[in-house]
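Structural features, examined
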Amino acid sequence: MSAVAGLALATGAVTAAGPWDGGQRKAERDLAAAPARPGGARHADGERAPGAAPPVLAPVHSGGKRSADGLAEALEPLLKDSALGSDHAAAVVDATTGERLYGVGQSDAYTPASTIKLATAAATLSAVGPERRIETTVVAAGGDGVVLVGGGDPTLTPAGLGDLADATARALKARGTTGKVKLAYDVSRYSGPVLHTMGLNDNIAPVSPLMVNEGRLDDSDRGPADRTAEPAADAARKFAELLRDKGVDVDGEPGEGRAEGKAARLASVASPPVSALVERMLTNSDNDIAEALARQTALASGKPASFEGAAQAVTERLGALGLPMSAVHIADGSGLDRADRASAEFLALVLARAAEPGRPALRPVLTGLPVAGFSGTLRDRYPRDAAGRALVRAKTGTLTGVNTLAGTVVTPGGRLLAFAFLASGTTDADAAQKALDRAASALAGSAPPGS
């Protein structure tokens with residue numbers, strides 16, 4: 001297997017926060033050794049030679065600043081591609097200095113689709129920090145009751161729920177509980193509607209602080225899948241079964257309840273750190289994690305953990321980062337809502353902020369980006385001989401009539417550029433994606449204009 005190079009984020013930047021091992025992100029190492037599988041929302045399966053992983057990115061070094069004139073010459077013919085629809089915008093900035101190198105319609109508001117997850121990631125990391133973990137707990141209730149309390153971790157696995165049941169059974173035994181136990185579940189951490197505006201569908205479950213495996217009804221961990229309409233109730237019923245397997249006599253079916261403020265904690269399990277959740281969200285364009293992280297931002301900001309409260313909290317955190325907000329409207333955390341608005345300049349500067357040496361907490365915004373031809377939603381977008389393969393790292397965005405791409409590239413001179421391309425009125429998603437990929441490749445100097 002060919003070696004996978006680590007990514008240096010910017011000249012003089014602080015080492016990235018996140019799950020790194022010998023300069024290589026563990027998720028990428030594991031992915032390189034794993035069979036190909038689809039990621040994100042409805043991307044075609046691709047092929048990769050068995051046992052072979054492509055190189056990722058060359059290291060960044062000083063010097064070699066690419067001129068604005070050169071970028072314009074490379075990009076403008078590509079951005080005129082009719083596949084990009086009736087309207088488009090672009091912004092390119094030097095990620096080291098924040099200097100704008102190219103822009104067309106860069107300050108205008110567009111529907112960003114899933115590239116808004118970059119904003120969600122930056123806001124959450126700013127609000128709660130990269131090391132925070134989200135807990136699912138069990139607390140004692142009156143008499144011999146227990147309450148399963150959802151903390152907002154959509155990635156809780158059946159195995160994790162089993163660990164929680166095992167620890168709860170041990171705690172009950174230590175307390176001398178031998179009779180029937182009444183089980184309730186608490187979802188009060190969130191408020192407001194549980195369904196996204198697009199309703200129950202295979203791209204997102206009802207948004208609940210208590211769910212197992214994102215409410216999926218199969219054994220998948222990414223991409224579209226049938227979802228339960230009752231993620232919390234299903235999780236509680238499964239927890240009851242696991243408790244019974246551990247010898248706990250659970251009385252009847254669990255019902256919704258509320259944990260008392262000073263209830264004794266019996267057991268808990270925790271999510272991976274927020275840094276890892278951000279990386280997983282961005283790599284796979286995970287809508288459930290995105291909405292959960294937006295609500296964690298709301299809770300950390302003292303706002304209701306609802307769609308509305310999360311949108312307000314994310315907006316405030318982004319403004320505090322000094323980002324241009326005049327064209328920005330946050331409606332959800334995932335980008336599924338067509339009411340979301342963002343400018344190309346805003347998205348490019350989110351990425352530039354994440355590369356700043358003084359903001360190491362934001363680094364997972366960059367380390368979570370899919371790598372062209374290698375991981376996540378870009379795995380199948382760059383065939384083995386495609387220009388830009390392994391050189392482009394970017395978040396994808398796709399809705400009907402909307403195609404977007406925002407990420408980073410390393411120039412031949414070794415400088416890190418942040419870019420955002422937003423297109424509206426597209427009629428052929430595949431052709432639009434290829435046009436965006438050619439534009440991103442051109443930034444890296446790996447594709448001549450018009451190729």
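Every value quoted in this text rests on a predicted model; they were computed, and no experiment measured them.

A few points about the overall build of the chain
Summing up its helical and strand segments, the chain has 11 helices and 12 strands in all. Residue burial in the chain is summarised as follows: out of 451 residues, 57% are buried. When the accessible surface of the chain is split by element, carbon and sulfur atoms take 50% of a total near 17100 Å².

Structural notes on the environment of A119
Tracing the chain through its elements places A119 in helix 3 (residues 117-128). In the structure, A119 is positioned 227 residues away from F346 in sequence and 9.0 Å away in space, judged by C-alpha atoms. Apart from residues no more than four positions distant in its own chain, A119 is found in contact with V314, L318 and F346.

Some points on empty space enclosed by the protein
Summed over all chains, the structure comprises two cavities of 30 Å³ or more. Taken as a whole, the second largest cavity spans an internal volume of roughly 60 Å³. Among the residues forming the lining of the second largest cavity, the class breakdown is eight nonpolar, one polar and two charged.

Describing the sheet that holds strand 5 (residues 135-140)
Judged by pairing direction, the sheet is mixed, and its five strands sit side by side in the order 8-7-6-5-9 without closing on themselves. Both edges of this open sheet fall to strand 8 (255-256) and strand 9 (265-270), since each of them pairs with a single strand only. Relative to strand 7 (residues 182-186), strand 6 (residues 145-149) is paired through five bridges, and the arrangement is parallel. Paired with V149 across the bridge in strand 7 is D186. Contacting strand 5, strand 6 and strand 7, helix 5 (residues 231-245) crosses the sheet at an angle of about 150° to strand 7.

Quick notes on the sheet that holds strand 11 (residues 402-410)
The five strands are arranged 4-3-12-11-10 in an open sheet whose pairing can be described as antiparallel. Only two strands of the sheet have a single neighbouring strand rather than two, namely strand 4 (100-104) and strand 10 (392-399). Put simply, the sheet's adjacent strands are angled 5° from each other on average, direction ignored.

Observations regarding the packing of helix 3 against helix 7 (residues 287-300)
It is the contact of helix 3 with helix 7, at a shortest axis distance of 9 Å, that shows an interaxial angle of 40°. Considering how the two elements wind past one another, helix 3 and helix 7 form a crossing that is left-handed. Taking contact as the criterion, the partners of K117, T120, A123, T124, A127 and V128 in helix 3 are, on helix 7, N287, A290, L293, A294, Q296, T297 and A300.

Concerning the confidence of the model for the chain
Of the residues in the chain, 84% reach a pLDDT of 70 or more, and the chain-wide mean stands at 86. Taken together, the stretch residues 1-65 has pLDDT below 50 and engages in 145 contacts with residues farther than four places along the chain or on a different chain. Contacts for the low-pLDDT stretch residues 447-451, under 50 throughout, to residues beyond four places or in other chains number 12 contacts.

Focus on helix 6 (residues 274-284)
Of all the 11 residues making up helix 6, nine are buried; the element is thus mostly covered by neighbouring parts of the structure. Inspection of helix 6 places V274, S275, L277, V278, E279, M281, L282, T283 and N284 among the buried residues, and these make up the whole buried set.

Section: unusual backbone geometry
At N213, a residue that is not glycine, the phi angle is positive and equals roughly 50°. Counting through the fold element by element, N213 comes out in the loop between strand 7 and helix 5. For N213, a relative accessible area of 15% puts it in the buried group. Here the phi dihedral of E214 falls at roughly 60°; this positive angle occurs in a residue that is not glycine. Assignment of secondary structure puts E214 in the loop between strand 7 and helix 5.

Quick word on the packing of aromatic side chains
All chains considered together, the criterion is met by one aromatic pair. Sitting over the face of the ring of Y190, R295 holds its NZ or CZ atom 5.7 Å from the ring centroid. In this structure, R295 is placed above the aromatic ring of F307, and the distance from its NZ or CZ to the ring centre is 4.2 Å.

Observations concerning the pairing of strand 10
Along strand 10, seven of the eight residues are buried, which leaves the element largely enclosed by surrounding structure. Joining the antiparallel neighbours strand 10 and strand 11 is a turn of two residues, in which G401 adopts a positive phi near 80°.

Quick word on a nonpolar patch on the surface
A surface patch of nonpolar side chains, about 240 Å² in accessible area, is lined by V194, L195 and L200. Checked against the element boundaries, L200 lands in the loop between strand 7 and helix 5. With a relative accessible area of 42%, L200 lands in the partly exposed category.

Section: the packing of helix 4 (residues 158-174) against helix 5
Relative orientation of the contacting elements helix 4 and helix 5 amounts to 50°, with a least axis distance of 9 Å. Overall, the two elements helix 4 and helix 5 adopt an arrangement that is oblique. Judged by the twist between their axes, the crossing of helix 4 over helix 5 is right-handed. Taking contact as the criterion, the partners of L161, G162, L164, A165, T168 and A169 in helix 4 are, on helix 5, A235, K238, F239, L242 and L243. Of the residues contributing to the contact of helix 4 with helix 5, the split by class is eight nonpolar, two polar and one charged.

Things to note about the pattern of salt bridges
All chains considered together, the criterion is met by 20 salt bridges. Between D94 and R415 there is a salt bridge, and its shortest N-O distance comes to 3.5 Å. Placement of the pair is D94 in strand 3 (residues 87-94) and R415 in the loop between strand 11 and strand 12 (416-424), with a sequence separation of 321 residues. The pair D94 / R415 is uniform in exposure class, with both members buried. When the shortest N-O distance is used, the salt bridge between E214 and R280 registers 3.9 Å. Of this pair, E214 sits in the loop between strand 7 and helix 5 while R280 sits in helix 6, and the two are 66 residues apart along the sequence. What makes E214 buried here is its relative accessible area of 0%. Via salt bridges that share partners, D166, R170 and K246 belong to a single interconnected network.

Cut-offs and rules
Residues numbered from 1 in each chain as written. Predicted model: local features only at pLDDT ≥ 70, side-chain atom pairs only at ≥ 80, totals over all residues. Heavy atoms only, no water. Helix = DSSP H or I, 4+ residues; strand = E, 2+ residues; numbered from the N terminus. Buried < 20%, exposed > 50% of the residue type's maximum accessible area, 1.4 Å probe, protein only. Areas by Shrake-Rupley, 256 points an atom, 1.4 Å probe, with all protein chains shown as cover. Contact = heavy atoms within 4.5 Å. 1 Å grid on protein atoms, 1.4 Å probe; cavity = no way out; pocket = protein on both sides within 12 Å on 5 of 7 lines; lining within 4 Å. Points joined across faces, edges and corners; volume = space filled by probe spheres on them. Nonpolar A, V, L, I, M, F, W, Y, C, P; charged D, E, K, R; others polar. Pairing = 2+ DSSP bridges. Axes fitted to C-alpha atoms, helices over the stretch in contact; angles between N-to-C directions. Left-handed = near helix turned anticlockwise from the far one by under 90°. pLDDT = per-residue confidence, 0-100. Phe/Tyr/Trp six-rings, centres within 6.5 Å; stacked < 30°, edge-to-face > 60°. Lys NZ or Arg CZ within 6 Å of the ring centre and 35° of its normal. Patch = residues over 30% accessible without salt bridge, like charges linked within 9 Å, V, L, I, M, F, W, Y side chains within 5 Å. Salt bridge = Lys/Arg side-chain N within 4 Å of Asp/Glu carboxyl O. Parallel < 35°, antiparallel > 145°, perpendicular 65-115°, else oblique.

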